[in-house]
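Notes for the structure review
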Amino acid sequence: MYKNIDEKLQFTDRLKAVEKDIRARLKPQGVREGTHIEPIPTNGMNPFADVFEEMPDAPYVITLAHAIVRSWLCMPCVIYPNEAVVGITRASFPIMEHFSWGIEVYDWLVEKTHGFENVEAEKARIDALRSRMEPLSLGHMIQAGEEKIGVEKYRELDRTGMFWAGGFQGHTLPNYVTLLTNGLDGMLEIIDKYAAINVKDQETADFYEANRIIARGMIAHLEKYAAYAKELAAAETDETQKRYYEEIAENCAYVAHNKPKTLYQAVQLVWILSLWDWVDCIGRIDQFFLPFYEYSKEHGDVIGVEESIASFMFKIWECGAHNTTIGGCHPEDGTDATNELSYLFLQVLRNIHDTYPRMVVRIAEDTPQELTDLMIKIWSEGMCDPTVVSDKTVIPGLLKLGVTLEDARDYATLGCQEIEIPGKCNTGCEDGSFNLAKVFEVAMLGGKSPANPEYQLGPVTKTFLECETFEEFFEGYVTQLKYFTKIFTHFCRKGQECRAANYSKLVKGLFTDGCLEKGIQHDAGGPIYGYGVVETAGLSVTADSMIAIKKLVFEDNRITKDALVAMLKANFEGYERERQMLLNAVPKFGNDNEEVDALAAKVLDIFWTEIGKYQTGRGGVYTGACSLLTGGIGYGRDMGALPDGRHAGEPLGNTMGPRPGADTNGLTAMLNSVAKLPMEKGVGGTTLNVVLTTKMLATPELRRNVSNTIRSFLANGGCMAQITTANKDDLIDAKCCPERHGDLTVRVGGYSIQFVQLDDAAQDEIISRYV
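Residues numbered from 1 in each chain as written. Predicted model: local features only at pLDDT ≥ 70, side-chain atom pairs only at ≥ 80, totals over all residues. Heavy atoms only, no water.

1. Structural notes on the overall build of the protein chain
Regarding its fold elements, the protein chain presents 31 helices and 18 strands. Its C-alpha atoms give the protein chain a radius of gyration of 26 Å, within 12% of the compact-globule value 28 Å for 771 residues. Dimensions along the principal axes, computed over C-alpha positions, put the protein chain at roughly 85 × 65 × 50 Å. The buried share of the protein chain, taken over its 771 residues, is 63%. For the protein chain, contacts bridging at least 24 residues in sequence account for 76% of all contacts bridging at least 6. (Helix = DSSP H or I, 4+ residues; strand = E, 2+ residues; numbered from the N terminus. Rg over C-alpha atoms; globule rule 2.2 N^0.38 Å. Buried < 20%, exposed > 50% of the residue type's maximum accessible area, 1.4 Å probe, protein only. Contact = heavy atoms within 4.5 Å.)

This is the structure in structure tokens:
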């Protein structure tokens, strides 16, 4: 009943009131992305420092667990008028744990504006506790790097900006099915069950006790909200609002100890875990909510099913959850899993019409056309969500990583379009990112550093000037690539050691299969799957530069090697005619040209095969990905001019597609080029920016053509497509007159954002995608 694309879902008066209030207090995208909506002041509270000071001799993991719980329970409850699902993010305390590192200290928050009267004394207190709160610091990674390759080489490599290793390693999906099936009291029973089997030493005993502390803390959090709602109900004179408070009190009290039966109970319980998980990623929402949706439809509920789903989505919208997934197949038999909730979630997303909730639709050959039609209708109305991902590409790729067929069929997206098995993984997300184009620069110099051409950074190979054939140059490139890949994965592993020592994912581990069963924490190999994810930058400019020197230098002799080196050093100043030749006389990746596309596929296959030779510290090998956010802009700033005609400092591109503006043969040609890449080796999440303006989606016929094109791409080798629907003229006008385009939404390298909230460099990169 939610399939009709010509009719929007009509919110109830209650939902309309909640929606209006949220829009009035909504924070910018960047604030929500970091989950710092700050609805309440900290009032000088510093719960992590307090707990670590109070427990100087307690085991680290026990102290950490108590600090996390204190940081939630010291906050006042906030229940907004008319809302049904309750709970807000924490205030921005000066010290907080985060799943990407462990405990992090934000010194700049220790100010009088945050309630600290004696700022210097509080900073001194934090400094005295710092070493206890962070068992392994960034210094561990630096020291490991210096020991691996030497101090001088480590520092020179760092200057080049070739890669970012061990930098985040955070996003994972908890097992919400486990939570919904057992409830929080049931989780305590599971902890006790596996503790009785696995506890053989104090460290393991402390691990299980820390999990008990977290589970009890979540129970106390729900009980606190239940008590507060009961107080509000007693004081409320409006009968309708009084009833709302009573319903909230009853709902929170029930799910504090019982596994849910109704949809309203389920969404409240899921939301509490999501909050404690930093509103990270939630997984296959249309699948794990379905039994509760069906129960409430058959037996009734305190509130309607639409109100439950919309209330849940409103929380994601305001607080900035990173990702949700709908569609796909049933794990048991691979049949289509689309259901009424799939359409309902899309309809609520359509009504909200914002950069959140972020949503991905899994597409298979038997995905109903009605689901695709609704999705594309939403694009035609100016939204950039949902993204689409291919079951046909992803599932076989996961099987090659050792994932079972049933688990592979159950994959979901997380973070900024990475891919994982819900509740069974720690795949780094991401372990790091690597710039293939920087290796090209190093190879041009025979292994010398682009930042210091006198310094031998990589192995000695022939310089570009010394190579007699393109094959010689390519061989040197591969030698450099393999050398730096080995160093890169070593650094990634050191980052993993830091996370394990810091217990960065203590909350996630409680709800991740394998951790409790083994008695091993999340970052130390507890989850069932521990393969790694490497974001890949610079492929298109590398392929375009290689085809340029292959054709124009080695084959056609239209440019000499000396001349090319000179023009690159000059950043093409005085060489505009030659630059135009490099830009236009040779094919570019993204135009369905077999030669350059094959070269891009070859480079990528070598790199993704190479990373697959190395083990993570969690168990498993690395797989490729490409979801760089604005990382392509940052990497580009550190690059010199290249033979593809690119000036020094220009962006590289943020997804697996062509360099912005290089695809001139249309959408189908661009998709065909990308589909030729070895995506089955890059199932960490390989995004592609696709421009589909609202003008291209204006009629049913145009939308059906786009549907056929996108589905064909996903069925024939494509992995993901993320959409920007803004028209170029509107983007250009928004740069000049931002006040006229506050709701103009675009896609960056993994998330949507209002165009006017981007800086100039990011705005320019997006406009350059239009040709």
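2. As for the sheet that holds strand β10 (residues 432-435)
Strand order across the open sheet formed by 4 strands is β3-β10-β13-β14, with mixed pairing between neighbours. Every other strand in the sheet has two partners, leaving β3 (163-165) and β14 (622-625) as the edge strands with one partner each. Taken pair by pair, the neighbouring strands of this sheet meet at an average axis angle of 30°, ignoring direction. With 3 bridges joining them, β3 and β10 adopt antiparallel strand pairing. Considered in β10, the bridge of W164 is made with S433. (Pairing = 2+ DSSP bridges. Axes fitted to C-alpha atoms, helices over the stretch in contact; angles between N-to-C directions.)

3. Examining the packing of aromatic side chains
All told, the structure shown has 23 aromatic pairs when counted by the stated rule. For the pair Y60 and Y503, a centre-to-centre distance of 6.4 Å together with 40° between the ring planes defines the contact as tilted. Within this pair, whereas Y60 is found in helix α4 (residues 60-73), its partner Y503 is found in the loop between α20 (470-502) and α21 (506-510), the two being separated by 443 residues in sequence. On the basis of relative accessibility, which here comes to 13%, the residue Y503 falls in the buried class. Measuring from ring centre to ring centre gives 6.5 Å for W271 and F312, while their planes differ by 90°; the resulting arrangement is edge-to-face. Within this pair, whereas W271 is found in helix α11 (residues 263-276), its partner F312 is found in helix α14 (residues 305-319), the two being separated by 41 residues in sequence. Look at F312 and you get buried, because its relative accessible area is 0%. Every member of this aromatic cluster is reached through a ring pair, and the members are Y154, F163, F434, F488, F491 and F607. The ring of Y411 has R362 lying over it, and the distance from NZ or CZ to the ring centre is 3.9 Å. Here the basic side chain of K508 rests over the ring of F99, its NZ or CZ set 4.5 Å away from the ring centre. (Phe/Tyr/Trp six-rings, centres within 6.5 Å; stacked < 30°, edge-to-face > 60°. Lys NZ or Arg CZ within 6 Å of the ring centre and 35° of its normal.)

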